[in-house]
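Each chain, letter by letter, is given below.
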Amino acid sequence: MAVMRIGHVSVRVTDIEKARDHYTNTVGLIETHRDADGTTYFKAWDEWDKYSVIIVPAARPGCNYIAYKVEKNSELDIYGERLEKRGLKVEELKPGAIPFVGRALRFILPSSHRMVLFAEKEAVGKAVGTVNPDPWPDGLKGCGVMHLDHCLLMAELNPDKGINRVKECSDLFQEVLDFKLTEQTVGGPNHSIMAMAFLACSSKPHDIAFVANAEPGFHHFAFYLDSWDEVRRAADVMSKRRTKIDIGPTRHGITRGATIYFFDPSGNRNETFAGLGYFVSRDMPVITWTEEEVGAAIFYPNRELNENFTTVYTAAS
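1. Considering the overall build of the protein chain
Part 1 of the argument: A tally of regular secondary structure across the protein chain gives six helices and 18 strands.
Part 2 of the argument: Taken over the C-alpha trace, the protein chain has a radius of gyration of 19 Å; the compact-globule value for 317 residues is 20 Å, and the two agree within 12%.
Part 3 of the argument: Along the longest, intermediate and shortest principal axes, the C-alpha atoms of the protein chain span 55 × 45 × 45 Å.
Part 4 of the argument: The buried share among the 317 residues of the protein chain stands at 55%.
Part 5 of the argument: Contacts in the protein chain between residues at least 24 apart in sequence constitute 67% of all its contacts with a sequence separation of at least 6.

Below, the structure is given as structure tokens:
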């Protein structure tokens, strides 16, 4: 039984036309469907499901929900039982309640973010096909990202009140959803407080992450690129298109990945990420960063946190 990977993310945008232009011509996604209300669905060229990103017209930016794909439809029943035993309210969605998706489970994480599990989504195939494929397709736009990689969510931490939603989410993902903790940051007395948790359900350094904050928030969703050279090229694309960059190109200590953080026109933070790091197996020791080195953990070359990284974000739900 397994949660295999991230399936899609649904985000709110305040200007749907500008958002379509950004995700098509800057990020390089491919539009696959559009609803009557303007909601638009995208996939990356190396993905085979119909979409991995949904942008929804709204009055304020932020995340509607994140969705992860399980291997078999029958596993939804097992995960649903586990979640309910954990005390979470689980809502079953009928096939088609989420467009092009089979039955699904929806629930709210301890961090207040909405999450969905599903097993089936309409497949449309990779842009290069699966028979004698070329390494990339012709006609890529913008950064030409390969696939949706991960999300980072902000979770409440208030030690004075005994609240640590990062730890709660980390425990939930490991004990209920079968993720592995790959890296963490710790602080406080005797380094006893978990402030960040990076969790994987695949062989990647992380498929989801939680970072401590005074309130819940949606920090970013990330798109995979093949190499450090592709990340550097992405910076040129963003400059040419006058895209607002938060920080980068640079490198993480955590995950060892190359990165650029940037914003869509509504203020949702995106990331281009090249996983230059390591291969995860279930027996890999957890990597721990202490609060004294958190700058290097996040931005390794200059070993300092960009203030925007922790203070700028959009709504959790």
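Let's pick the thread back up.
2. A short note on the environment of Thr32
Part 1 of the argument: Here Thr32 lies in strand β2 (residues 30-34).
Part 2 of the argument: With a relative accessible area of 23%, Thr32 lands in the partly exposed category.
Part 3 of the argument: Taking the C-alpha atoms as reference, Thr32 lies 27 Å from Ser239; in sequence the two are 207 residues apart.
Part 4 of the argument: Beyond its immediate chain neighbours, meaning those up to four positions away, Thr32 contacts Tyr41, Phe42, Lys43, Lys50 and Tyr51.
Part 5 of the argument: Looking at Thr32, its side chain comes within polar contact range of the main-chain oxygen of Lys50, at 2.9 Å.

3. Some remarks on helix α3 (residues 165-175)
Part 1 of the argument: Turning to α3, its buried residues number three or more, namely Val166, Cys169, Ser170, Asp171, Leu172 and Phe173.
Part 2 of the argument: If you check the start of α3, you find a side-chain oxygen 3.1 Å away from the backbone N of Val166, and it comes from Asn164.

4. Re the environment of Ala315
Part 1 of the argument: Inspection of the secondary structure puts Ala315 in the segment after α6 (307-311).
Part 2 of the argument: Taking the relative accessible area as the measure of exposure, Ala315 reaches 18% and is therefore buried.
Part 3 of the argument: Remark: the alpha-carbon pair of Ala315 and Lys180, spanning 135 residues in sequence, is separated by 26 Å.
Part 4 of the argument: Residue contacts for Ala315: discarding those within four places in its chain leaves Arg12, Arg60, Pro61, Gly62, Cys63 and Phe218.

5. Description of the nonpolar core
Part 1 of the argument: Ranked by internal contacts, the top residues of the largest apolar core, which has 62 residues, are Val9, Leu117 and Phe221.
Part 2 of the argument: By size, the runner-up hydrophobic cluster in this structure holds 15 residues, among which are Val211, Ile254, Trp289 and Phe299.

6. A few points about unusual backbone geometry
Part 1 of the argument: A cis geometry characterises the amide bond from Gly248 onward to Pro249, with omega recorded as 5°.
Part 2 of the argument: On the secondary structure map, Pro249 appears in strand β15 (residues 245-251).
Part 3 of the argument: In this structure, Asn132 takes a positive phi of about 50° despite not being glycine.
Part 4 of the argument: The class of Asn132 is exposed, set by a relative accessible area of 72%.
Part 5 of the argument: For Asn190, which is not a glycine, the phi torsion comes out positive at approximately 55°.

7. With respect to the pattern of salt bridges
Oppositely charged side chains can pair when the atoms bearing their charge come close.
Part 1 of the argument: Inspection of every chain in the model, using the stated rule, returns 19 salt bridges.
Part 2 of the argument: In this structure, Arg165 engages Glu168 in a salt bridge whose closest nitrogen and oxygen atoms are separated by 2.7 Å. Linking Arg165 with Glu168, this pair stays in helix α3, spanning three residues, or about one helical turn.
Part 3 of the argument: Overall, Glu168 belongs to the partly exposed group, its relative accessible area being 31%.
Part 4 of the argument: If you follow the salt bridges from partner to partner, you end up with Arg5, Asp49 and Lys69 in one network.

8. Let's talk about the sheet that holds strand β5 (residues 62-70)
Part 1 of the argument: Strand order in the open sheet formed by eight strands is β2-β3-β4-β1-β5-β8-β7-β6, with mixed pairing between adjacent strands. Only two strands of the sheet have a single partner each, and these edge strands are β2 and β6 (91-93). Ignoring which end each strand starts from, the neighbouring axes of this sheet average 25° apart.

9. Brief notes about the pairing of strand β16 (residues 258-263)
Part 1 of the argument: For β16, a buried count of six out of six residues is recorded, marking the element as mostly surrounded by other parts of the structure.
Part 2 of the argument: Along β16, one buried face is formed by Ala258, Ile260 and Phe262 and the opposite face, lined by Thr259, Tyr261 and Phe263, is buried too.
Part 3 of the argument: In the sheet, β15 pairs with β16 via four bridges, with the strands oriented antiparallel. Among the inter-strand pairings, Ile245 is bridged to a residue of β16, identified as Phe262.
Part 4 of the argument: Between β15 and β16, which follow one another and run antiparallel, lie six residues, and Thr255 among them has a positive phi close to 70°.
Part 5 of the argument: Both β16 and strand β17 (residues 269-274) contribute to a ladder of six bridges, which runs antiparallel. The residue of β17 that forms the bridge with Phe263 is Arg269.

Calculation criteria
- Residues numbered from 1 in each chain as written.
- Predicted model: local features only at pLDDT ≥ 70, side-chain atom pairs only at ≥ 80, totals over all residues.
- Heavy atoms only, no water.
- Helix = DSSP H or I, 4+ residues; strand = E, 2+ residues; numbered from the N terminus.
- Rg over C-alpha atoms; globule rule 2.2 N^0.38 Å.
- Buried < 20%, exposed > 50% of the residue type's maximum accessible area, 1.4 Å probe, protein only.
- Contact = heavy atoms within 4.5 Å.
- Polar contact = N/O pair within 3.5 Å; in protein donor to acceptor, adjacent residues only side chain to side chain.
- Core = buried A, V, L, I, M, F, W, Y, C linked by side-chain atoms within 4.5 Å.
- Salt bridge = Lys/Arg side-chain N within 4 Å of Asp/Glu carboxyl O.
- Pairing = 2+ DSSP bridges.
- Axes fitted to C-alpha atoms, helices over the stretch in contact; angles between N-to-C directions.

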